[in-house]
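# Examining the three-dimensional arrangement
Here is how the chains run, residue by residue.
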Amino acid sequence: MDELEGRLASRPLREPEPTPSARRAGVLVPLFVRQGMLWVVLTRRTETVEHHRGQISFPGGAEEPGDEDLRATALRETDEELGVRPEDARLLGPLSPIVTVTDFYVAPFVAAISQPYVFSPAESEIAEVIEAPVAALSDPAIREVKFLPGRDEPVLFYQYGNHVIWGATARIVADLLEALGSGPH
């Protein structure tokens, strides 16, 4: 994790141009080591949440007035969604922020969590906690770029088991893999 922290600290961030109306959000990209392998934690959202129903995402959400910054937003939301206390997440550094087609400016922060960790998913928001080996996500065979109707830009997809990771989450996964030196450059 120290090596990744150094990589994140030394790599330049790509800063997108948000629209003036973009809502600010922070997400956490939780990583852990199990059996000598690096894993990442994702979630599948319930069908009852306001945004991104049933989609695979990182824990996080919209900034609230009491949040000091988007890092604090990511930590607060991860605590609310997964029960990961802020003091249990060792922040390693940021990934490049993105702007979504739903007009969110999303700042991702990579953090290490110890293992084993007992997650307490919020039943109203999280349908499933997904632990994926980073090596599996870096397999080019599960990565695909598609053009979708109504979109000007191609959309990135990862097919991990029976989970489809796409959109903003896939873009964050790609940036993580690039930071780790295991993704397409």
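The coordinates are above.
First, a word on scope: everything that follows refers to the structure included in this document.

Each value, and the rule that gives it
Residues numbered from 1 in each chain as written. Predicted model: local features only at pLDDT ≥ 70, side-chain atom pairs only at ≥ 80, totals over all residues. Heavy atoms only, no water. Helix = DSSP H or I, 4+ residues; strand = E, 2+ residues; numbered from the N terminus. Rg over C-alpha atoms; globule rule 2.2 N^0.38 Å. Buried < 20%, exposed > 50% of the residue type's maximum accessible area, 1.4 Å probe, protein only. Contact = heavy atoms within 4.5 Å. Lys, Arg positive; Asp, Glu negative; His and termini not counted. Charge placed at Lys NZ, Arg CZ, Asp CG, Glu CD. Core = buried A, V, L, I, M, F, W, Y, C linked by side-chain atoms within 4.5 Å. Polar contact = N/O pair within 3.5 Å; in protein donor to acceptor, adjacent residues only side chain to side chain. Pairing = 2+ DSSP bridges. Expected span 1.5 Å × (residues − 1).

For the rest of this paragraph, the subject is the overall build of the protein chain. Of regular secondary structure, the protein chain possesses four helices and eleven strands. Over its C-alpha trace the protein chain gives a radius of gyration of 15 Å, about what one expects of a compact globule, namely 16 Å for 185 residues. Across its three principal axes, the protein chain shows a C-alpha extent of roughly 45 × 40 × 35 Å. Out of the 185 residues in the protein chain, the part that is buried amounts to 46%. Nonlocal contacts in the protein chain, meaning residues at least 24 apart in sequence, comprise 63% of its contacts between residues at least 6 apart. Across the protein chain, 17 positive and 29 negative side-chain charges occur, with their mean positions spaced 4 Å apart.

Before going further, it helps to examine the nonpolar core. The biggest cluster of nonpolar side chains holds 35 residues, and the ones touching the most others in it are V40, V110, Y158 and I165. If you list the elements that add at least two residues to this core, you get α1 (2-10), β1 (23-34), β2 (37-45), β7 (104-113), β8 (126-133), α3 (134-137), β10 (155-160) and α4 (167-180). It is α4 that provides the largest number of residues to this core, a total of eight residues. Ignoring any residue separated from it by four or fewer positions in sequence, one finds V110 in contact with L4, L8, V29, L31, R90, L91, L92, G93, L95 and L176. Counting residues in each nonpolar core, the second largest holds 20 residues, with F32, Y105, A111 and F119 among its members.

Attention now moves to the side chain of R76. Mapped onto the fold, R76 is located in helix α2 (residues 70-82). For R76, the side chain forms a polar contact with the side chain of E77, separated by 3.1 Å. Leave out the neighbours within four places in its chain, and R76 touches A62, E63, E64 and D67.

Before going further, it helps to examine the pairing of β10. In terms of residue burial, β10 counts as a mostly covered element, since five of its six residues are buried. As paired elements, strand β9 (residues 143-146) and β10 share four bridges and run antiparallel to each other. Residue pairing for β10: R143 is matched across the bridge by Y158. If you look at the hairpin formed by β10 and strand β11 (residues 163-166), you'll find two residues sitting between the two strands, and G161 has a positive phi there, around 60°.

Locating T43 in the fold gives a position in strand β2. Judged by relative accessible area, T43 falls into the buried class, the value being 0%. For the pair formed by T43 and A127, sequence separation is 84 residues and the distance between their alpha carbons is 7.4 Å. The contact partners of T43, leaving out residues within four places of it in the chain, are Q55, I56, S57, F58, L82, I126, E128 and I130.

Under the 1.5 Å per step criterion, the end-to-end length of α4 is 20 Å for 14 residues, consistent within 8% with the ideal 20 Å. Considered for burial, the residues of α4 that qualify are G167, T169, A170, I172, V173, A174, D175, L176, L177, A179 and L180. Positive backbone phi, approximately 80°, marks G181, located one or two places after α4.

Here the focus is the environment of T19. Inspection of the secondary structure assignment puts T19 in the loop between α1 and β1. Its relative accessible area of 36% is what places T19 among the partly exposed residues. For the pair T19 and E64, spaced 45 residues apart in sequence, the C-alpha separation works out to 19 Å.

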